[in-house]
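Take a look at the letters that make up each chain.
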Amino acid sequence: MIVLDKVNKVYDDGFHALHDINLEFKKGEITVLIGPSGCGKSTTMKLINALNTPSSGKVLINGKNIADMNPVELRRDIGYVIQSVGLFPHMNIGKNVAIVPNLKKLDKDVTDRKVDELLDMVGLDHKVYRTRFPSELSGGQQQRVGVIRALAADQDIILMDEPFSALDPISREQLQDELIRLQLELNKTIIFVTHDMDEAIKIADTIVLMKDGKVVQQGKPESILRHP
Ligand code: ADP
Ligand code: ADP
């Protein structure tokens, strides 16, 4: 579980981006952060990823203050999926998806099987695509690879910052379904940023609505719908 305890973020230029944020992100849940541009979603994600430090308050992962955690270890435990996928151009798709398992020196056969399974699951036939390079895939296909790379890594926490926004509507719906299905199996802590309320309602266990650096509402999708 991830806890933000009275977190404030004031940037170097004096801008107060987050005001007394108290949040809990539960294991096994998809929590969706939603709100207008500039409301503090990325700032929140960067605090959890230790790319940024709170000006006051604490970020705790399983009870440990991340300020006291080793950054290398933290990177290994937290997956990050962003819109601009960030595949390594000199590595084929199979190697890209297996990057974290290989870094962790997990069993190669198990990793290979998992990579093939994940590729097939998002409609990229492993026999065709495993040995291709990122430049040989469409933008939408690369996006799928970015998502399954995060899922292949045995990380407990996955931060997803508008991961599906570049996809066509059909691929987008398919990946939303895949994510929900996979999460039922994988039981991770997923934090998902989106601008799209329909997407939020579809995939979220909990929705956190932000505005001007504050949490204005949080709860199950049904309760957010009832009190818009
Ligand atoms: P911090 O104050 O937390 O150390 P930095 O000053 O290091 O943050 O800024 C982090 C990054 O965000 C920098 O690369 C900077 O260019 C960028 N940045 C600065 N101002 C803004 C802004 N108003 N909106 C978005 N990004 C910004
Ligand atoms: P969102 O992800 O919801 O669009 P952000 O967390 O990126 O919002 O930004 C929240 C606010 O903080 C914005 O007003 C943005 O301009 C400001 N901001 C972001 N990064 C920096 C920075 N490094 N320095 C100063 N201000 C920043």
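Data block above holds the structure.
Residues numbered from 1 in each chain as written. Chains lettered and ligands numbered in written order. Predicted model: local features only at pLDDT ≥ 70, side-chain atom pairs only at ≥ 80, totals over all residues. Heavy atoms only, no water.

Description of the site of ligand 2
Close to ligand 2 lie Tyr11, Asp13, Phe15, Ala17, Pro36, Ser37, Gly38, Cys39, Gly40, Lys41, Ser42 and Thr43. Ser42 places a polar side-chain atom, nitrogen or oxygen, 2.7 Å from an oxygen atom of ligand 2. Here an oxygen atom of ligand 2 and a side-chain polar atom of Thr43 are 2.6 Å apart. In isolation ligand 2 offers 560 Å² of accessible surface; the protein chains occlude 64% of this area. Per element, the largest residue contribution to the shell around ligand 2 is 3 residues, and it comes from helix α1 (residues 41-48). When grouped by side-chain class, the residues that make up the shell around ligand 2 number 5 nonpolar, 5 polar and 2 charged. (Near = heavy atom within 4 Å. Polar contact = N/O pair within 3.5 Å; in protein donor to acceptor, adjacent residues only side chain to side chain. Areas by Shrake-Rupley, 256 points an atom, 1.4 Å probe, with all protein chains shown as cover. Helix = DSSP H or I, 4+ residues; strand = E, 2+ residues; numbered from the N terminus. Nonpolar A, V, L, I, M, F, W, Y, C, P; charged D, E, K, R; others polar.)

Concerning the site of ligand 1
The environment of ligand 1 is formed by Lys9, Tyr11, Asp12 and Asn52. In the model, an oxygen atom of ligand 1 is placed 2.7 Å from a nitrogen or oxygen of the Asn52 side chain. Across the complex, the protein chains shield 27% of the 560 Å² of accessible surface that ligand 1 would expose by itself.

Some words on a nonpolar patch on the surface
A cluster of nonpolar side chains, Leu51, Tyr80 and Ile82, forms an exposed patch at the surface whose accessible area comes to about 240 Å². Mapped onto the secondary structure, Tyr80 falls in strand β6 (residues 78-82). (Patch = residues over 30% accessible without salt bridge, like charges linked within 9 Å, V, L, I, M, F, W, Y side chains within 5 Å. Salt bridge = Lys/Arg side-chain N within 4 Å of Asp/Glu carboxyl O.)

Side note on the layout of surface pockets
Empty space within the largest pocket amounts to approximately 460 Å³. Taken together, 19 residues line the largest pocket, and the ones lying closest to its centre are Arg75, Ile78, Tyr80, Val100 and Gln155. Considering each element in turn, the lining of the largest pocket owes the most residues, 5 residues, to β6. Of the residues contributing to the lining of the largest pocket, the split by class is 11 nonpolar, 5 polar and 3 charged. (1 Å grid on protein atoms, 1.4 Å probe; cavity = no way out; pocket = protein on both sides within 12 Å on 5 of 7 lines; lining within 4 Å. Points joined across faces, edges and corners; volume = space filled by probe spheres on them.)

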